[in-house]
Amino acid sequence: MYNAKAYSAVSATSRLASATIPRRDPAEHDVQIEILFCGICHSDLHQVRNEWSGFMPTVYPCVPGHEIVGRVTKVGSAVRKFKPGDLAAVGCLVESDRTCPECKAGFEQFCPNMTLTYNSPDKHTGAVTYGGYSDSIVVDERFVLRVPSNLNLAGAAPLLCAGITTYSPMRHWGVTKGKKVGVVGIGGLGHMAVKIAHALGAHVVAFTTSASKKEDALRLGADEVVVSRNANEMQKHAGSFDFILDAVAADHDINAYLNLLRRDGNITLVGAPEKPLAVSAFNLIFGRRSLSGSPIGGLAETQEMLDFCGTHNITADVEVIPIQKVNEAYERLLKSEVKYRFSIDMASLKSG
């Protein structure tokens, strides 16, 4: 084991603060990565404050972070995919059982025995996994991804969660050139969805409750912007969408969007409202429409997404911060005061 610098929370009410954590030395299949940037995901905030205690209670001390980009510093003797100096990334998973039907099908994100990047039982140490708010991490090479060298690394970090969370359902539901795609909610997830759908060749319509976001949505790649509070604007698009990605985490009227789908159209939820959404059965029955949800993607699909983003030069719009401002960033995140993701420059850890 060796000691790594990190920022951790010691309770649900404490601020994140400088700490020292143990990391395992690289074994034969492991890759050690110096973390250069780590994105801040809304789930980091939920986890740190134990807001998911009902199904995923937080183990303290908690070191969050699952949007990790860095440089390989050391590899185990059996590692073949990476060498020291390579750019590398780690997303939401650092291990799975590798034997279940989901893993064998390339859907590690559905493995019943997956190990999350942080706050998960660590089969190597017997403790808990620690995430990317740290100066380094050690991960089995199977769960380490390659980063296209042309991408801005601060903006690439959120691709490991926000990028794959929006890319995966679009690939699953066949978003391609000629499809009409809606994106509901232009935030951390939604802004990535607009960029990716545009790059896939779709006709992209962004939905927002705020007319002030129209110009920005067009800049991101939307072909049209609809203010969802305007009933006339919504009605113009009735029955016309092949696919809609719903990235709203607050309570909202899902039926208004179901009515916009054409026959066999789909809405996929990637936002997770706290309360159940009321769904009219008739809005599904008439038109054979479907409503589904989607998490991240598997490892192969995540690498595919990174390569796609490299080809199209897609990164998240980020505000880069030092680790010392992470608590302030959490408060701003609650107020949606960021366009559109925070990315932590982990070099700042060296200054305390």
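Residues numbered from 1 in each chain as written. Predicted model: local features only at pLDDT ≥ 70, side-chain atom pairs only at ≥ 80, totals over all residues. Heavy atoms only, no water.

1. Topic: the overall build of the chain
Broken down by element type, the chain carries 11 helices and 17 strands. What you see for the chain is a C-alpha radius of gyration of 20 Å, in line with the 20 Å of a compact globule of 352 residues. Each principal axis of the C-alpha atoms in the chain carries an extent, and together these give about 60 × 40 × 40 Å. Classification of the 352 residues of the chain by burial places 55% in the buried group. Considering only intrachain contacts with a sequence separation of at least 6, the fraction spanning at least 24 residues in the chain is 67%. For the chain, the accessible area works out to roughly 15200 Å², and carbon and sulfur atoms hold 52% of it. Averaging the positions of the 36 positive and the 36 negative side-chain charges in the chain gives two centres separated by 3 Å. (Helix = DSSP H or I, 4+ residues; strand = E, 2+ residues; numbered from the N terminus. Rg over C-alpha atoms; globule rule 2.2 N^0.38 Å. Buried < 20%, exposed > 50% of the residue type's maximum accessible area, 1.4 Å probe, protein only. Contact = heavy atoms within 4.5 Å. Areas by Shrake-Rupley, 256 points an atom, 1.4 Å probe, with all protein chains shown as cover. Lys, Arg positive; Asp, Glu negative; His and termini not counted. Charge placed at Lys NZ, Arg CZ, Asp CG, Glu CD.)

2. Overview of a nonpolar patch on the surface
A surface patch of nonpolar side chains, about 380 Å² in accessible area, is lined by Phe282, Ile285 and Phe286. Take phenylalanine 282: it is sitting in helix H9 (residues 281-285). (Patch = residues over 30% accessible without salt bridge, like charges linked within 9 Å, V, L, I, M, F, W, Y side chains within 5 Å. Salt bridge = Lys/Arg side-chain N within 4 Å of Asp/Glu carboxyl O.)

3. Let's talk about helix H11 (residues 326-334)
Restricting attention to buried positions, one finds in H11 the residues Val326, Asn327, Ala329, Tyr330, Arg332 and Leu333. Packing partners of the buried residues in H11 comprise strand E1 (2-8), strand E3 (30-40), helix H1 (42-48), strand E16 (318-322) and strand E17 (341-345). In the stretch just after H11, serine 336 is the one whose phi turns positive, near 55°.

4. Comments concerning the nonpolar core
Judged by nonpolar contacts, the single largest core of 95 residues is most densely connected at Ile40, Tyr133, Met170 and Val326. A per-element tally of this core places E3 first, with six residues. (Core = buried A, V, L, I, M, F, W, Y, C linked by side-chain atoms within 4.5 Å.)

5. Points about unusual backbone geometry
Residues tyrosine 60 and proline 61 are joined by a peptide bond in cis, for which omega reads 0°. Among the structural elements, proline 61 can be located in the loop between H1 and strand E4 (68-75). Phi angles above zero are rare outside glycine, and aspartate 264 is one such case at about 65°. Residue classification places aspartate 264 among the partly exposed residues on the basis of a relative accessible area of 35%.

6. Here we look at the sheet that holds strand E11 (residues 203-208)
Neighbouring strands of a sheet are bound in pairs by backbone hydrogen bonds; such pairs are parallel or else antiparallel. Taking strand neighbours across the sheet as the criterion, the six strands line up as E12-E11-E10-E13-E14-E15 in an open arrangement whose pairing is parallel. Among the strands making up the open sheet, the edge pair consists of strand E12 (224-227) and strand E15 (290-293). Shown here is a sheet whose adjacent strand axes are inclined to one another by a mean of 20°, direction ignored. Here strand E10 (residues 180-184) runs beside strand E13 (residues 241-246); their pairing, made up of four bridges, is parallel. The partner of glycine 182 across the bridge, within E13, is isoleucine 244. (Pairing = 2+ DSSP bridges. Axes fitted to C-alpha atoms, helices over the stretch in contact; angles between N-to-C directions.)

7. A closer look at the packing of aromatic side chains
Two aromatic rings, taken as a pair, are described by how far apart their centres are and by the angle between their planes. If you walk through the whole model with that rule in mind, you get six aromatic pairs. Arranged with centres 5.5 Å apart and planes meeting at 50°, the rings of tyrosine 167 and phenylalanine 308 form a pair that is tilted. Here the residue tyrosine 167 occupies a position in helix H4 (residues 162-172), and phenylalanine 308 occupies one in helix H10 (residues 299-312), the gap between them amounting to 141 residues. Joined through ring pairs, the aromatic side chains of Phe207, Phe241 and Tyr257 make up one cluster. (Phe/Tyr/Trp six-rings, centres within 6.5 Å; stacked < 30°, edge-to-face > 60°.)

8. Here's the deal with the layout of surface pockets
Looking at the second largest pocket, its volume works out to about 260 Å³. Lining the second largest pocket are 20 residues, with Arg23, Arg24, Asp122, Thr129 and Tyr130 positioned closest to its centre. No other element matches the four residues that strand E8 (residues 136-140) contributes to the lining of the second largest pocket. Looking at the lining of the second largest pocket, its residues break down into nine nonpolar, five polar and six charged. (1 Å grid on protein atoms, 1.4 Å probe; cavity = no way out; pocket = protein on both sides within 12 Å on 5 of 7 lines; lining within 4 Å. Points joined across faces, edges and corners; volume = space filled by probe spheres on them. Nonpolar A, V, L, I, M, F, W, Y, C, P; charged D, E, K, R; others polar.)

9. Regarding the packing of H4 against H10
Put simply, H4 and H10 touch, their axes get as near as 10 Å, and they point 100° apart. With respect to H10, the element H4 is oriented roughly perpendicular. Contacts between H4 and H10 involve Gly163, Ile164, Tyr167, Ser168 and Arg171 on the former and, on the latter, Glu301, Thr302, Glu304, Met305 and Phe308. Taken together, the residues of the contact of H4 with H10 break down into four nonpolar, three polar and three charged. (Parallel < 35°, antiparallel > 145°, perpendicular 65-115°, else oblique.)

On their own, these measurements won't tell you what the molecule is for.
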